[in-house]
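Chain by chain, the residues run as shown.
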Amino acid sequence: QVQLVESGGGLVQAGGSLRLSCAASGSIASINTMAWYRQAPGKERELVARITSIGYTNYADSVKGRFTISRDNAKRTVYLQMNSLKPEDTAVYYCNADLRPTYSIHPDVYWGPGTQVTVSS
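Just so it is clear, the model here is predicted, and its values are computed rather than measured. Chains are numbered independently. Their residues run from 1 in the order of the written sequence. Given that the model is predicted, a residue must reach a pLDDT of at least 70 before its local features are reported, and side-chain atom pairs must reach 80 or more before they are shown or counted; all residues, however, enter totals for whole chains, interfaces and linings. As a rule here, side-chain values cover all heavy atoms of the structure and leave hydrogens and water aside.

> Would you explain the overall build of the protein in this entry?
Going along the chain from the N terminus, every DSSP run of H or I of four or more residues is numbered as a helix, and every run of E of two or more is numbered as a strand. Tallying secondary structure elements over the protein gives zero helices and eleven strands in all. The helix and strand sequence of the protein, counted from the amino end, reads β-β-β-β-β-β-β-β-β-β-β. Projected onto its principal axes, the C-alpha coordinates of the protein cover approximately 45 × 25 × 25 Å. By residue count, 39% of the 121 residues in the protein fall in the buried class. It only takes one pair of heavy atoms within 4.5 Å for two residues to be counted as in contact. Across the protein, every contact between residues at least 6 apart in sequence was considered, and the portion connecting residues at least 24 apart equals 56%. Every accessible area reported is derived by Shrake-Rupley at a probe size of 1.4 Å, with residue values counting cover from the shown protein chains alone. Summed over all atoms, the accessible surface of the protein reaches about 6400 Å², with 48% contributed by carbon and sulfur. In the protein, the 12 positive side-chain charges and the 9 negative ones have mean positions that sit 5 Å from each other. For each residue, the accessible area found with a 1.4 Å probe, counting protein chains only, is set against the maximum for its type, and the residue is called buried under 20%, exposed over 50%, and partly exposed in between. A positive count includes Lys and Arg, and a negative count includes Asp and Glu. His and the chain ends are not counted in either. Here the site of a charge means NZ on Lys, CZ on Arg, CG on Asp, or CD on Glu.

Structure, rendered in structure tokens:
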């Protein structure tokens, strides 16, 4: 079985920083793209940042210059460094990975349960 578990969320004042982590565990053969999404109350889930297996990244316009995505392939972990946080960054942040389990010949998309980030003004 494959699991993604996020950590690092919490309450922070505007202008502050947080670092999210997401570790993949279980019977994994390979991990392709990893990403962070977020969903604010009453809004659709949106892509925040994405990183490929060789380190290519892309970001939502709203977080460019403030957030940085990175990954440690040996640890099967993706990170999201969030700086200069704004109240509008408040959301549940979800980790996402396109990976192939050892028991499957096809990759699939997996999600973590989410971690709450609240930015106070």
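Having seen the model, we can carry on.
> Whenever I open this one, the nonpolar core confuses me. Can you help?
Generally speaking, soluble globular proteins have nonpolar side chains that are buried together. Residues enter a nonpolar core if they are buried and are Ala, Val, Leu, Ile, Met, Phe, Trp, Tyr or Cys, with the set joined through side-chain atoms within 4.5 Å. Counting 31 residues, the largest nonpolar core has Trp 36, Val 48, Phe 67, Val 78, Leu 80, Met 82 and Tyr 93 as the members making the most contacts within it. Taken together, the elements giving at least two residues each to this core come down to β1 (2-7), β3 (18-26), β4 (28-39), β5 (46-51), β7 (67-72), β8 (77-82), β9 (91-101) and β11 (115-120). If you tally residues by element for this core, the top one is β9, at five residues. Those residues in contact with Leu 80, other than ones at most four positions away along the chain, are Leu 18, Arg 19, Leu 20, Trp 36, Val 48, Ala 49, Phe 67, Thr 68, Ile 69 and Tyr 93.

> I'm lost on the environment of Leu 18 in this one. Help?
Here Leu 18 lies in strand β3. Overall, Leu 18 belongs to the buried group, its relative accessible area being 16%. Spatially, the C-alpha atoms of Leu 18 and Asn 96 are 18 Å apart, while their sequence positions differ by 78 residues. If we skip the residues at most four places from it in the chain, Leu 18 touches Gly 8, Gly 10, Val 12, Leu 80, Gln 81, Met 82, Leu 85 and Val 117.

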